[in-house]
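Coordinates in review
Here is what each chain is made of, one letter per residue.
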Amino acid sequence: MIMQNICILGSTGSIGENTLDVIARHRDRFAVQTLSAYSRIERLAQQAAVCAARAVVVPDVAARERFTRAWTGHGGLPEIRVGKQALVDSAADPQVTTVMAAIVGAAGLPPTLAAARAGKRVLLANKEALVAAGNLFMTCVRDSGAALLPIDSEHNAIFQCLPRSADARARSERPDGVRRLLLTASGGPFRTTDVSLLADVTPDQACAHPNWRMGRKISVDSATMLNKGLEVIEAHWLFAMPVADIHVVVHPQSRVHSMVEYRDGSILAQLGQPDMRIPIAYGLGFPDRIDSGVDLLSLAALGHLDFEEPDFARFPCLKLSFGAVRAGQAACVTLNAANEVAVANFLGRRIRYTEIARVIERSLERQAGRPSCVFNCLDDVLALDRETRTFASELCLAL
Ligand code: NAD
Ligand code: MG
């Protein structure tokens, strides 16, 4: 067994905390090289002390001072690195074997791409990186020979149901014999809410996911089902499948995490408790199976599993996502950036829940009037991302 030296990008988030929980159960397999955080700096100091991280990355000098003040660990302080470039350098650090990409949003794109370029074992939670720069990211993974392990529960489930690629190398062709990928979606907290009430739902209501405890941005994305749209794009890149063969099925219990339908009519599914420690443990241990700390699933206690078609009228963001995929990469960058701005404004109570779809729609309409393009470098992606954010922010102010 080879010891893995891990860098967790976004260790103070929901995925980051769950990753540290799994790692703590397997001290013989994993050492923590680097942790990073953007805002909860005191929590970062606690984490770094507990897992004896060798380095941490914080956003600015003020955060470095906060970290130093908060430090209560035995022994010396870890190395404290500052800023965006330090995040990129830490992901590509020669000491690091494995990178958990768990920063939320397009902010995670540069360091995630750096990890892929450096040929690391990349555990990918940050779906926004693939949505904004799927072709670029997958090219880097292929060229460097990086191992890529999907952590998003649906993609992890599909990975488990596909014929095993023992080394987790990137696929460049549609997997043999596969007819369709079936992505399950819980339908979130508003699956049955009267549509006329949605304009008045609060951020806390939108974040109260019935099955999963997650960060606030992805929780809102799950409520609007924009999250499922991002996941369709993510699946397209990860598994080299045409979007027309990726289907969404609503499954309120969130126990079937996704499925692969084969040519002969067989459907393989992966089931388990809705707890991210399962896909995280799978990614960390691969190709071995390791303990995740999650309770076993009792099918008899569950009794039944339900499935239904998604309702596009209730979830306009899902429809917008399919439109963006058809329109191409610039539309996907726009979809993602406009959504991040709209969700932040909704969480800050500056726009209504139903206006999230409006902001995305208007941003996509603006993009549709421009020539389509494919981006071959990160700077071009980031430039459109920034420009869309400006447009969407102004739109939010005007609403
Ligand atoms: P979160 O909000 O709980 O945590 C985000 C982490 O990113 C934190 O450590 C935060 O400090 C850091 N961060 C935020 N903004 C940053 C910035 N501008 N620069 C650098 N660091 C920044 O989010 P989460 O729920 O853990 O989700 C993380 C990623 O994983 C997202 O892309 C999400 O879509 C994906 N994901 C999460 C879950 C889940 O169960 N939480 C499931 C599937 C996929
Ligand atoms: Mg998911």
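Now for a quick tour of the structure. Computed from a prediction, not measured in an experiment: that's the story for all the values here.

1. Focus on the pairing of strand 7 (residues 147-150)
The alternating pattern of strand 7 places A147 and L149 on one face and L148 and P150 on the opposite face, and all of these are buried. Pairing between strand 6 (residues 121-124) and strand 7: 4 bridges, direction parallel. From the neighbouring strand, L123 faces strand 7, where its bridge partner is L149. Each parallel crossover has a hand, and the one from strand 6 via helix 6 (residues 127-144) to strand 7 is right-handed.

2. Focus: the environment of P78
Tracing the backbone shows P78 in the loop between helix 3 (61-70) and strand 4 (79-82). By relative accessible area, which is 8% here, P78 ends up buried. Between the C-alpha atoms of P78 and T34, which are 44 residues apart in sequence, the distance is 9.1 Å.

3. A look at the pattern of salt bridges
Inspection of the entire model under this criterion finds 27 salt bridges. A salt bridge links R179 to E261, with the shortest nitrogen-to-oxygen separation between them at 3.9 Å. With R179 in strand 8 (residues 178-185) and E261 in strand 10 (residues 256-262), the pair connects residues that are 82 residues apart, well separated along the chain. A relative accessible area of 9% places E261 in the buried class. Residues joined in a network through salt bridges with shared partners are K127, D152, E154, K228 and E231.

4. Regarding the nonpolar core
Counting 131 residues, the largest nonpolar core has L35, F137 and I356 as the members making the most contacts within it. Each residue touching L35, except ones within four places of it in the same chain, is listed here: I8, S11, L20, L44, Q47, A48, C51, A53, A55, V56 and V57.

5. Describing the layout of surface pockets
Over the atoms, a rolling probe the size of a water molecule traces out where space has been left empty. Roughly 230 Å³ of internal volume is contained in the second largest pocket. In this structure, the second largest pocket is lined by 15 residues; those nearest its centre are I278, R289, I290, S292 and V294. Element by element, the count of residues in the lining of the second largest pocket is highest for helix 11 (residues 277-285), at 3 residues. Considering only residue class, the lining of the second largest pocket consists of 7 nonpolar, 5 polar and 3 charged.

6. Examining the site of ligand 1
Around ligand 1 lies a shell of 22 residues, among which T12, S14, Y38, E128 and G215 are the nearest. For ligand 1, an oxygen atom lies 2.6 Å from a polar atom in the side chain of E128. The protein chains hide 87% of the 830 Å² of surface that ligand 1 would expose on its own. Contributions of two or more residues to the shell around ligand 1 are made by helix 1 (14-24) and helix 6. Considering only residue class, the shell around ligand 1 consists of 11 nonpolar, 8 polar and 3 charged.

7. Remarks on the packing of helix 10 (residues 226-239) against helix 13 (residues 316-327)
Between helix 10 and helix 13, the least distance of the axes is 7 Å, while the angle of their chain directions is 25°. Looking at the two axes, helix 10 sits roughly parallel to helix 13. Pair helix 10 / helix 13 crosses with right-handed handedness. Of the residues in helix 13, those in contact with L226, K228, G229, V232 and I233 of helix 10 are C317, L318, S321, F322 and V325.

Calculation rules
Residues numbered from 1 in each chain as written. Chains lettered and ligands numbered in written order. Predicted model: local features only at pLDDT ≥ 70, side-chain atom pairs only at ≥ 80, totals over all residues. Heavy atoms only, no water. Buried < 20%, exposed > 50% of the residue type's maximum accessible area, 1.4 Å probe, protein only. Helix = DSSP H or I, 4+ residues; strand = E, 2+ residues; numbered from the N terminus. Pairing = 2+ DSSP bridges. Right-handed = clockwise from strand over helix to strand, strands pointing away. Salt bridge = Lys/Arg side-chain N within 4 Å of Asp/Glu carboxyl O. Core = buried A, V, L, I, M, F, W, Y, C linked by side-chain atoms within 4.5 Å. Contact = heavy atoms within 4.5 Å. 1 Å grid on protein atoms, 1.4 Å probe; cavity = no way out; pocket = protein on both sides within 12 Å on 5 of 7 lines; lining within 4 Å. Points joined across faces, edges and corners; volume = space filled by probe spheres on them. Nonpolar A, V, L, I, M, F, W, Y, C, P; charged D, E, K, R; others polar. Near = heavy atom within 4 Å. Polar contact = N/O pair within 3.5 Å; in protein donor to acceptor, adjacent residues only side chain to side chain. Areas by Shrake-Rupley, 256 points an atom, 1.4 Å probe, with all protein chains shown as cover. Axes fitted to C-alpha atoms, helices over the stretch in contact; angles between N-to-C directions. Parallel < 35°, antiparallel > 145°, perpendicular 65-115°, else oblique. Left-handed = near helix turned anticlockwise from the far one by under 90°.

Remember, this is a structural readout, not a statement about activity or role.
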